[in-house]
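Descriptive analysis of the structure
So the chains spell out like this:
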Amino acid sequence: MTEQNRPLDVVILAAGQGTRMKSALPKVIHSVAGRPMVAWAVKAAQELGARNIVVVTGHGAEQVEAKVQQPGVAFARQEKQLGTGDAFLSGVAALSERDADILVLYGDTPLLRAETLRDLLADHRERQSAMTVLTGELPDATGYGRIVRGEQGDVERIVEQKDASETERSIGEFNSGVYVFDAQASELARRITNDNKAGEYYLTDLLGLYRGEGAHVRAFKLADPDEVLGANDRVGLAKLEGIFRQRINEQHLRGGVAIPAPDTVFIEDTVTIGRDVTLEPGVILRGQTSIADNVTVGAYSVVTDCVLGEGVNVKPHSVLEGAEVGAGSDVGPFARLRPGSVLGAGVHIGNFVETKNAKLDTGVKAGHLAYLGDVTIGTETNVGAGTIIANFDGVNKHQSKVGAGVFIGSNSTIIAPRTVGDAAFIAAGSAVHDDIPEGAMAVARGKQRNLEGWSKRYWGGMGEKVERKLPWLAGWLKRQ
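Residues numbered from 1 in each chain as written. Predicted model: local features only at pLDDT ≥ 70, side-chain atom pairs only at ≥ 80, totals over all residues. Heavy atoms only, no water.

**What to know about the overall build of the protein**
The helix and strand tally for the protein stands at eleven helices and 37 strands. Its C-alpha atoms give the protein a radius of gyration of 32 Å, more than 25% over the compact-globule value 23 Å for 480 residues. Within the protein, the proportion of its 480 residues that are buried is 48%. Across the protein, contacts joining residues at least 24 apart in sequence account for 40% of those joining residues at least 6 apart. With 52 positive and 60 negative side-chain charges, the protein shows a spacing of 10 Å between the two charge centroids. (Helix = DSSP H or I, 4+ residues; strand = E, 2+ residues; numbered from the N terminus. Rg over C-alpha atoms; globule rule 2.2 N^0.38 Å. Buried < 20%, exposed > 50% of the residue type's maximum accessible area, 1.4 Å probe, protein only. Contact = heavy atoms within 4.5 Å. Lys, Arg positive; Asp, Glu negative; His and termini not counted. Charge placed at Lys NZ, Arg CZ, Asp CG, Glu CD.)

**Here's the deal with the nonpolar core**
Residues F88, L103, F181, L206 and Y210 are the most contacted members of the largest nonpolar core, which totals 65 residues. Residue contacts for Y210: discarding those within four places in its chain leaves A130, M131, F181, D182, Q184, A185, L188, A215 and V217. (Core = buried A, V, L, I, M, F, W, Y, C linked by side-chain atoms within 4.5 Å.)

**Considering helix α4 (residues 114-126)**
Given a rise of 1.5 Å per residue, 13 residues ought to cover 18 Å, and the 18 Å separating the end C-alpha atoms of α4 matches this to within 8%. For α4, every residue scored as buried is listed here: A114, T116, L117, L120, L121, D123, H124 and R125. Its buried side turned inward, α4 meets β1 (8-14), α1 (37-47), β6 (101-106), β7 (131-137), β10 (173-181) and β11 (217-221). (Expected span 1.5 Å × (residues − 1).)

**Let's talk about the environment of R418**
As for its position among the elements, R418 is in the loop between β33 (413-415) and β34 (419-420). The spacing of R418 and A390 is 28 residues in sequence and 9.9 Å in space, taken between C-alpha atoms. Sequence-distant contacts of R418, defined by excluding residues within four places in its chain, comprise Q399, S400, K401, V432, H433, D434 and D435. Reaching out from R418, the side chain makes a polar contact with the side chain of D435 at a distance of 3.1 Å. (Polar contact = N/O pair within 3.5 Å; in protein donor to acceptor, adjacent residues only side chain to side chain.)

**Concerning unusual backbone geometry**
Residue G332 is joined to P333 through a cis peptide bond whose omega torsion reads 5°. Inspection of the secondary structure assignment puts P333 in the loop between β24 (330-331) and β25 (336-337). With a phi close to 55°, K22 is a non-glycine residue in the positive phi region. We note that D374 has phi near 55°; this positive angle belongs to a residue other than glycine.

**Describing the environment of A15**
Structurally, A15 is set in the loop between β1 and β2 (31-32). In this structure the C-alpha to C-alpha distance between A15 and G58, which are 43 residues apart in sequence, comes to 4.0 Å. Once residues within four sequence positions are removed from consideration, A15 is found in contact with V56, T57, G58, H59, Q78 and Q81.

**Section: the pairing of β7**
By the criterion of burial, β7 is predominantly enclosed, with six of the seven residues buried. Relative to β11, β7 is paired through five bridges, and the arrangement is parallel. Bridge pairing in β11 links T135 to K221. (Pairing = 2+ DSSP bridges.)

**Considerations on the packing of aromatic side chains**
The relation between two aromatic rings is expressed through the spacing of the ring centres and the mutual angle of the planes. Within this structure, the stated rule accounts for nine aromatic pairs. Here the aromatic rings of F334 and F352 are separated by 5.3 Å at their centres, their planes lie at 10°, and the arrangement is stacked. You can see F334 sitting in the loop between β24 and β25 and its partner F352 sitting in strand β27 (residues 348-360), a full 18 residues away along the chain. With a centroid separation of 4.9 Å and an interplanar angle of 80°, the aromatic rings of Y458 and W459 are classed as edge-to-face. Site record: aromatic cluster; members linked through ring pairs are F88, Y179, F181 and Y210. (Phe/Tyr/Trp six-rings, centres within 6.5 Å; stacked < 30°, edge-to-face > 60°.)

See the structure below:
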């Protein structure tokens, strides 16, 4: 087996509590750019083609495991928080084979790119290193362990801030905590002791053990030290979010997406976007959303798990979730498409229209103030303002079917389950409780009666109350 073809196992340390988050949730499942922090480490390991991925859990283990449970990911419990060396041993104990390089990642450093880790691994193998430390360089590395190199450039020591001399504190190269080990790491790690003030087992002690074996310990320096930023509190979490948002938005800008105010736009990395798309200020795109070419998403709209066809125009302040919108359709402003909404080509959904589990065929128009739930609506049907599909009887939801070319007058209610035939006409204000045949007109409203003089008799009997609260009406009564 060649160096480059050797298997890779990944151990992700995610057992810490993170008390500075001031949260009931374990630190590593706080979300950054739409994923729990630990899930970013899992994703990077998967992109590297890791044979085994083991997540070491401890505090809130069940919550952490539930967040990243998926095929190919195993878990190991660190029952007591006895340091990184103990956590590493818990992880490698879950590995059935000992023939692989082992990459150590962390559940709270989500910015590390798979490309960076791929380069780290290649460097480790090409130079036949026993241990490679991922390092960074900062003008002021206060708080980090410093990298002390020997004359040949190998890493001699990692000196923690509290133990560093003045000369060592001036070193800018720092330890990220990310390592690649060869296959003997699991055996050497058993020799780590807790003979220190904290009484913990430190993974950094592996460096000395390797050097004691005469093995090469080398460093691979990051081009961008921000990649190993972690989050210990909400301030750090917000900083990570900002870096992720900038990274993702710049990728889409270079791909032909217009984002005039990128600092205000949030796009999760699972979203795909075509060319000549415009995202106005305040837009949020989440989940498995796919946006075709020439789409506009208006200001302050939120789109989650949706498919938007070519040329769609989502107008400002609209909320779309689990919906499909056909080419050339427009939605909003202030519209809501709920899961199961499927709009054909050229559909118009106007302001304050809500759809749920609704299929609207080509050319359907619903311009204002409507609720369309559990319904299919045929081609070129017009839905008047105030239309409601009354789909719920208090216990069950019921389906309705409206044909093609139907005219639904304003303020109509269709009481499900109903079938309305093609080219039917529903008079405004109707409460439709029977099916309507093709081409028929339905009028379902009470007969109007005008009671002459009613206002004078009704309001006139209220005396001073009308005089005090309704002066215009009091004046009208005096003129009668």
